[in-house]
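Structural description and commentary
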Amino acid sequence: MEWDWAFVWEIMPTLLEGLKITILATILGAIVAAFVGLVLAIARRSPNRLISRPVGFIADFIRGTPLLVQLYFIFYVLPDIGIRLSPLVAGVIGLGIHYGTYTAEVYRAGIDNVPRGQWEAARATNLSMRQAWIHVVLPQAIPPMIPALANYFIAMFKETPLLSAITVLELMNQAKSVANSSYRYIEPITMVGVFFLVISLISVIALRFLEERFTRADER
Amino acid sequence: MPSPIIHIDNIIKTYGPLTVLDGLSMSVMPGEKLALIGPSGSGKTTILRILMTLEKINGGHIEIDGEQLYHMQKAGGLVAADERHLQKMREKIGMVFQHFNLFPHKCVRDNITLAPMLTKGIARAAAEARAMELLDMVGMADKAKSMPAQLSGGQKQRVAIARALALSPKIMLFDEVTSALDPELVEEVLNVMRKLAAETDMTMLLVTHEMGFAHDFADRILFFDKGRIVEEGKPDDIFRNPRQERTQTFLRKVIAAGHRV
Amino acid sequence: MPSPIIHIDNIIKTYGPLTVLDGLSMSVMPGEKLALIGPSGSGKTTILRILMTLEKINGGHIEIDGEQLYHMQKAGGLVAADERHLQKMREKIGMVFQHFNLFPHKCVRDNITLAPMLTKGIARAAAEARAMELLDMVGMADKAKSMPAQLSGGQKQRVAIARALALSPKIMLFDEVTSALDPELVEEVLNVMRKLAAETDMTMLLVTHEMGFAHDFADRILFFDKGRIVEEGKPDDIFRNPRQERTQTFLRKVIAAGHRV
Amino acid sequence: MIDWSGYLGLILQGALVTVELTVMGSALALVMAFAAGLGRLSRFAVIRMLATVYIEFFRGTSIFVQLFWAYFVLPFAGITLTPLQAGVLALGLNVGAYGAEVVRGAVRAIGREQHEACVALNLGRYHRMRHVILPQALPLMLPTFGNNAIELLKGTAVVSLISLTDMTFQAQVVRAQTGSTLIPFATILVLYFAMATAISAGVRWLERRAARGLDGVRV
Amino acid sequence: DEAKLETLKAQGFARIAIANEPPFTAVGADGKVSGAAPDVAREIFKRLGVDDVVASISEYGAMIPGLQAGRHDAVTAGLFMKPERCAAVAYSEPVLCDAEAMLVKKGNPKGFKSYADVANDQSATIGAPGGGTEEKLALEAGVPRDRVIVVPDGQSGLKMLQDGRIDAYSLPVLSINDLVKKANDPNLEVIAPVQGAPVYCDGAAFKKGDEALRDAFDVELAKLKESGEFAKIIEPYGFSAAAAMSTSREKLCAASN
Ligand SMILES: Nc1ncnc2c1ncn2[C@@H]1O[C@H](COP(=O)(O)OP(=O)(O)OP(=O)(O)O)[C@@H](O)[C@H]1O
Ligand SMILES: Nc1ncnc2c1ncn2[C@@H]1O[C@H](COP(=O)(O)OP(=O)(O)OP(=O)(O)O)[C@@H](O)[C@H]1O
Ligand SMILES: [Mg+2]
Ligand SMILES: [Mg+2]
């Protein structure tokens, strides 16, 4: 079977349509992950063991099991208890929760890396707990986290093809659909690979920039 | 005779199996300048941190300016203080740390204005004017817009002192504020503190290993060992004629190590 | 007169825009004990690192024991040395570092036997016997099976010396081997080196800030400043009657800082 | 009546395939991680470039694309792999690319001083790596390798998309045959988690062993 | 070429692709593959001297590429003959015939009778296996791409219909019946056959170039049909042997709808 450029151009609009969904799912998933991660990180720091322990276990469970199976679960099992999500929403939630367990670790490390002296100085200047978080700790904790968070953002982007299993018409699903009706796999799958590679390479460059920008600012 | 501004009554502090303070009591009069000296691990830092409410106590009572620090009146009885009470009490106390603990993400001026604006609701303009006054006093007015990372250790410590002063506490705690500094930078910080001691009637508690400075600075010296006050008195008495064996040994060692007394 | 074991001819060393050594030349006779002193940044460490082939040079020639160090004869001309040539030359030279650089995952004895077994193909039994001899010499025989993490700084440095000696180099380089040690541990390392200087006819180059030790140890002192040798001579001459202004200033400062000369 | 024990047997057969994939994939990943990680530190520009291209390519494209490529496209180049081979190849190469960065990072984390001590002791490049640098770098790599192995385990679920009868795929079959969604999926979730837990426990055991020599303290 | 059958004989098995779709295929609790399509294939290969078949479950969309990539020796999966498929692979004579059906909610609330009805209802979505005949039919009837939901397998389609994610799910009649039987859900209704959709038959599909093997397969298939054993194998699964025998590859591949 030969590589057919004409066919590539023919399927390009369809693939771009899928790419749009892929990017949308990634961005929405990242927002959910950023939020879920923060909640998990704070819950895991809770002095109340009835909160921190179960949350810790659930996070470990989610991190130890495949996203694909979790997606099936969200999409096909949750409706049994009355939760019916559209494919894209189910996918975004699945991605968000799965990667939230990763970002939680990033938050945790970032917060732990703020020296204890900073908490104490906040105390000694009589800032309240909330003020200490907002004005002293988070502004110092977040910049060093950004490269690590961006890393997961990229990883998540590369896992979006899983959403095809729950009928989201993202890039991979469009490619498969094209392949299914044309019986040609080489062009669509290769083009998907090219898209991923190009976007990943761009992100890697952006990531380098972020790393430089945010690790330099971290002098004390 | 006025009543003491700090009254520590029989406090106990343990870390796991280790009892650091075992029934310590002491009083400080308003405006007094006190130096705490003693061997490493004797509990000097611990007592300052307890006064700053950075540590919890396991027993005893502390009264600051006529009010209980770790307890409060409620429903007729004395109960453990809540965060609100602590926050109110902290207004009276400021602390300067060995490692400065400046906020690295804020410029010198914002380090100083942050707390007054947030905790006292002082307007930015007023807070900044006051910050500039204080920076002027510690000789750092020209660095108001610098970031902490651009300062030397001595400069950082002077900013930290200004930051603590900005809240106008009645009591200032200084924990080995020069021991993280290069030798040639120590003097600039001590000068600021001398000036401070001379110009204000703030109550000051100072932990230091600089015996010479303790001597010049303090009205009264407390010598700590193993979580207890072994000896106290006027600087001249303590340094020239220590009565306790342990004080003598300690001073002899410190002098041998080259510290001037 | 025998020919020099080290002959440095007009070498140039730059780091980016900074020229650290600018046409330095010097010779060392076999068995000579040389001390390199001078202010920080004057290039003392650099010259040792160049001799150990840890840095590349930007110009000039070095001859060790009659052979070019950074060059080799090939096809009639002198070309840059390849790794094989360097490896052969390194057999003649050993170095002890300021921070010991022991291998943390190997016990004291294995730190010493590793290189002889791998580079010289010496059998384990023979290598271990030799290691024990050397450990005995540096007074560490009882710690042969300890891990480096279990040793004090002074003990680590003595092991590092034994490790360098195990390859029986003709030339030993010592770069501030005591400056990372607590004061009370300095003496034990200096004692080992005194013994070594007295007992062997190895050529030794020593960089140090311990003027007293440099005086006792060396046959000749080189005073470096800004990448050049400003003054050289017998220890007594340099320390008692420095001729150069810069040497005088340096020695005055060092003495003021409390170092004994 | 549905023969659940029989279908559980099917899922366990799938679990066996999953374990097989994980073990073989990890082995390949380990080899690639060291080859490419050390390759990136090579003094030969060509090797560095090859290693970089491998790493960026496999980290850049998605595992799915790699899998579909290995399964559907390679045959046109005359290389027909069984689904298991294609799965092991894609997973191993993919995770190996991530592992390579771990190897490189750990080797670089061993300070310059250790390299210099080796030069001063006249150890050649190979000896330096083999006897000094890698033994110290290995304990640093272990925790991340453990995480990578778990990522690989989870990645095996993806091979169900190329019809390899792993655990997830068998769960799909059981679902089609029995009409129940909850039971097969809940079962495999628990099984995956058990496997992940076993991996972390194994890695922690290795870490303890590796740390023993260092006495928990670095110099 | 002739060598293919010899190779299969020598290795003792043929690799066939099947779908995860009862009753075309069934996997027993013991893992044994049965179902109408594999059973026929197994019997014929046995008669050809190939002792066994090794079945691997595959997506519909992946079957023809898999055949072309040499992953399977034959596809026996209810892959219905259509002219463009006939161009892509070499089909045997018809084996299993079935009409198309749609599964809808009880009472057929949207009143679907044909794919065109789905196309005309702007809000209607229809589920179908990716790369299958139903997807093609729906698209050809004018249902836009984004309203044809590609569903990975029968259970997923059933579930999505029950959950209200799709309005209709289309599969061959017998597949739908099997699904409904297992689901045992009174809120579902089967519309069969779908109006305007032809009756389709599948055949064993071989790679282009393996016509010799296909021809050998045809010879044995014809004998099987003749002897009545064919009916014995497929009728228990609900398929009609008469339907398969009343048509031919030539007719099906030429059909222009
Ligand atoms: N967070 C802690 N956990 C456990 N033990 C502690 C902690 N903080 C202090 N200690 C112990 O309490 C004792 C008193 O410590 P403290 O810091 O008050 O001594 P110090 O007099 O300030 O000594 P130094 O002169 O070295 O600063 C020491 O034995 C110390 O090890
Ligand atoms: N890797 C390097 N990159 C850039 N500059 C360097 C490097 N190593 C040394 N230098 C510079 O070279 C000069 C000489 O350094 P060297 O370490 O030889 O001084 P030294 O005499 O050993 O000083 P010290 O007594 O402080 O150890 C210094 O200005 C130093 O900053
Ligand atoms: Mg202290
Ligand atoms: Mg030096």
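Note that the structure is a prediction, hence the values are computed from the model and not measured.

1. Notes on the arrangement of the chains
Across the five pairs of chains in contact, the largest number of contacts is found between chains A and D. A minimum C-alpha distance of 10 Å separates chain B and chain C, which share no contact. One finds no contact linking chain B with chain D; the least C-alpha distance across the pair is 24 Å.

2. A closer look at the site of ligand 1
Residue and element names in this part refer to chain B. Around ligand 1, the surrounding shell holds 13 residues, and the nearest of these are Ser-40, Gly-41, Lys-44, Thr-45 and Thr-46. The separation between an oxygen atom of ligand 1 and a polar side-chain atom of Thr-45 is 2.6 Å. The fraction of the free accessible surface of ligand 1 (640 Å²) that becomes covered by protein chains is 62%. Of all the elements in the fold, those that place two or more residues in the shell around ligand 1 are strand S2 (18-28) and helix H1 (44-51). Within the shell around ligand 1, the residues separate by chemical class into four nonpolar, seven polar and two charged.

3. Some remarks on the confidence of the model for chain B
In this model, chain B carries a mean pLDDT of 89, and residues with pLDDT of at least 70 account for 97%. Mean pLDDT values over the elements of chain B span from 80, in helix H9 (residues 245-256) of chain B, up to 95, in strand S9 (residues 171-175) of chain B.

4. Topic: the nonpolar core
Phe45(E), Met102(E), Ile126(E), Phe230(E) and Ile234(E) are the most contacted members of the largest nonpolar core, which totals 175 residues. Setting aside anything within four residues of it in sequence, one finds Ile234(E) in contact with Ala36(E), Val40(E), Val95(E), Leu96(E), Phe239(E), Ser240(E) and Ala241(E). In terms of nonpolar packing, the next biggest core, distinct from the first, is built from 58 residues, Leu127(A), Ile64(B), Ala115(B) and Leu167(B) among them.

5. A short note on the pattern of salt bridges
In this structure the tally under the stated criterion is 75 salt bridges over all chains. Linking Glu83(B) and Arg123(A) is a salt bridge whose minimum nitrogen-to-oxygen distance equals 3.6 Å. Taken as a pair, Glu83(B) in helix H2 (residues 83-90) and Arg123(A) in helix H5 (residues 116-124) lie in two separate chains rather than in one. Two residues, Arg165(E) and Asp163(E), come together in a salt bridge whose shortest N-O distance is 3.8 Å. Given the relative accessible area of 13%, Arg165(E) is considered buried. Judged by relative accessible area, which is 12%, Asp163(E) ranks as buried. One salt-bridge network, held together by shared partners, links Arg44(A), Asp60(A), Arg63(A), Glu105(A) and Arg108(A).

6. Re the interface of chain D and chain A
Chain D puts 33 residues into the contact, and the matching count from chain A is 35 residues. Of all residues in chain D, Lys154(D), Leu189(D) and Phe193(D) bury the most surface against chain A, accounting for 20% of the area lost on that side. If you look at where chain D meets chain A, you find one salt bridge. One salt bridge connects Arg208(A) with Glu56(D), and the closest N-O pair in it is separated by 3.9 Å. There are ten residue pairs in polar contact (both at pLDDT 80 or more) connecting chain D and chain A. Within the residue set of the side of chain D that touches chain A, elements represented by two or more residues are helix H2 (45-60), helix H3 (63-73), helix H6 (125-155), helix H7 (167-178) and helix H8 (182-214) of chain D. With nine residues, H8(D) is the largest single contributor of residues to the side of chain D that touches chain A. Partitioned by chemical class, the residues of the side of chain D that touches chain A number 21 nonpolar, seven polar and five charged.

7. Considerations on the packing of aromatic side chains
For the structure shown, the criterion picks out 24 aromatic pairs over all chains. Summarising the aromatic geometry, the rings of Phe34(D) and Phe145(D) are spaced 6.2 Å apart at their centres and angled 65 degrees between planes, so their arrangement reads as edge-to-face. Separated by 111 residues along the polypeptide, Phe34(D) in helix H1 (residues 4-39) and Phe145(D) in helix H6 bring together distant segments of the chain. Seen from their ring centres, Phe80(E) and Tyr200(E) are 5.6 Å apart, and the 15 degrees between their planes marks the pair as stacked. Of this pair, Phe80(E) sits in the loop between strand S5 (74-75) and helix H4 (83-88) while Tyr200(E) sits in strand S13 (residues 200-201), and the two are 120 residues apart along the sequence. Classification of Phe80(E) as buried rests on a relative accessible area of 1%. The structure contains a cluster of three or more aromatic residues connected by ring pairs, namely Tyr72(A), Phe75(A), Tyr76(A) and Phe185(D). Taking the ring centre of Phe103(B) as reference, the NZ or CZ of Arg163(B) above it sits at 4.5 Å. Of note, Arg59(D) hangs over the ring of Tyr98(D), and the distance from its end group to the ring centre comes to 5.8 Å.

8. Things to note about the site of ligand 2
Residue and element names in this part refer to chain C. In the region of ligand 2, 13 residues are neighbours, and Ser-40, Gly-41, Lys-44, Thr-45 and Thr-46 sit closest. Here Gly-43 contributes a backbone N or O atom positioned 3.0 Å from an oxygen atom of ligand 2. Within the side chain of Glu-176, a nitrogen or oxygen atom sits 3.2 Å from an oxygen atom of ligand 2. Calculation on ligand 2 without its partners gives an accessible area of 640 Å², and the protein chains cover 62% of this total. Those elements that provide at least two residues to the shell around ligand 2 are strand S2 (18-28) and helix H1 (44-51). Considering every element that reaches the shell around ligand 2, the biggest residue donor is H1, with three residues.

Basis of the calculations
- Residue numbers run consecutively from 1 along every chain, following the written order of its sequence.
- Chains carry letters from A onward and ligands carry numbers from 1 onward, assigned in written order.
- Two thresholds apply to this predicted model, a pLDDT of at least 70 for residue-level local features and 80 or more for giving and counting side-chain atom pairs, whereas whole-chain, interface and lining totals are computed over all residues.
- Side-chain calculation: all heavy atoms of the structure are included, whereas hydrogens and water are not.
- Working rule for contacts: check all heavy atoms of both residues, and any pair within 4.5 Å makes them a contact.
- Here a residue is considered near a molecule or strand provided that any single heavy atom belonging to it is located within 4 Å of it.
- Within 3.5 Å is the distance limit for a polar contact, defined as a pair of N or O atoms, with the added protein rule that one can donate a hydrogen and the other accept it, and that residues adjacent in sequence qualify only through two side-chain atoms.
- Under the convention used here, a 1.4 Å probe and the Shrake-Rupley method define accessible areas, while residue burial counts only the protein chains that appear.
- The helix count covers DSSP runs of H or I at least four residues long, the strand count covers runs of E at least two residues long, and both are numbered beginning at the N terminus.
- Residue type decides the class: Asp, Glu, Lys and Arg count as charged, Ala, Val, Leu, Ile, Met, Phe, Trp, Tyr, Cys and Pro as nonpolar, and the leftover types, Gly among them, as polar.
- The quantity known as pLDDT measures the predictor's confidence residue by residue, on a range of 0 to 100.
- Side-chain atoms within 4.5 Å link the members of a nonpolar core, which is a set of buried Ala, Val, Leu, Ile, Met, Phe, Trp, Tyr and Cys residues.
- Only protein chains enter the calculation, and the probe is 1.4 Å; a residue is then buried if its accessible area is under 20% of its type maximum, exposed if over 50%, and partly exposed in between.
- Any Lys or Arg side-chain nitrogen found within 4 Å of a carboxyl oxygen on Asp or Glu counts as a salt bridge.
- Two parts lose some accessible area (1.4 Å probe) when they are put together, and adding that loss for both gives the buried area.
- Stacked, edge-to-face and tilted are the three classes for Phe, Tyr and Trp ring pairs, Trp counted by its six-membered ring, which pair at centre distances within 6.5 Å; planes under 30 degrees apart are stacked, over 60 edge-to-face, the rest tilted.
- Counting as a charge over the ring demands two things of the Lys NZ or Arg CZ atom: a distance within 6 Å of the ring centre and an angle within 35 degrees of the ring normal.

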